[in-house]
Amino acid sequence: LAQKTFSFLRKESGLEDDEDLPKEAVVVHDEYVGPGYSLPTEGMQEAVTLFARLEGILLDPVYTGKAAAGLIDLVRNGTFPEGSNVVFLHTGGAPSLYHYQPVLPSMEDAVLPPPSPSSVKDFDGIEEKKCD
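Residues numbered from 1 in each chain as written. Predicted model: local features only at pLDDT ≥ 70, side-chain atom pairs only at ≥ 80, totals over all residues. Heavy atoms only, no water.

Trainee: Is there a simple way to explain the side chain of Thr-64 in this structure?
Mentor: By the element assignment, Thr-64 lies in helix H3 (residues 64–76). Residue classification places Thr-64 among the buried positions, given a relative accessible area of 2%. Leave out the neighbours within four places in its chain, and Thr-64 touches Leu-59, Phe-88, His-90, Thr-91 and Gly-92. (Helix = DSSP H or I, 4+ residues; strand = E, 2+ residues; numbered from the N terminus. Buried < 20%, exposed > 50% of the residue type's maximum accessible area, 1.4 Å probe, protein only. Contact = heavy atoms within 4.5 Å.)

Trainee: Before we go on, may I ask you to explain the pattern of salt bridges in this structure?
Mentor: All chains considered together, the criterion is met by 1 salt bridge. For Glu-46, the salt bridge is made with Arg-76, and the minimal N-O distance between the two is 2.7 Å. With Glu-46 in helix H2 (residues 42–55) and Arg-76 in helix H3, this pair connects stretches of sequence that are 30 residues apart. By relative accessible area, Glu-46 is classed as partly exposed at 32%. (Salt bridge = Lys/Arg side-chain N within 4 Å of Asp/Glu carboxyl O.)

Rendered as structure tokens:
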């Protein structure tokens, strides 16, 4: 995948596609996988919430959510020099969100804005928005 992406970018940039991507140019950070496949991590839950709330992008909790957690951590730790161009490849997975609803109890909070002061409680204790 890295070699194909490298070749594509060189071609699209008008550069000759006559060299391979050096193996040392590809760095794998697998420490963000957590305890195992399909098992949630705090970083993944934060990443899913941040992407949904701030960008309107839904991430699945298995692959893309954990990859985004890694990206966020790498940015916070200063891994990328200021002004760097960083590409995050969103691989899909939104349909799996329905399967992982019990894992992501805060998903509704991530997608919906926080209640405003104009919110009121009805008699059932369910919060409703007032129409202004």
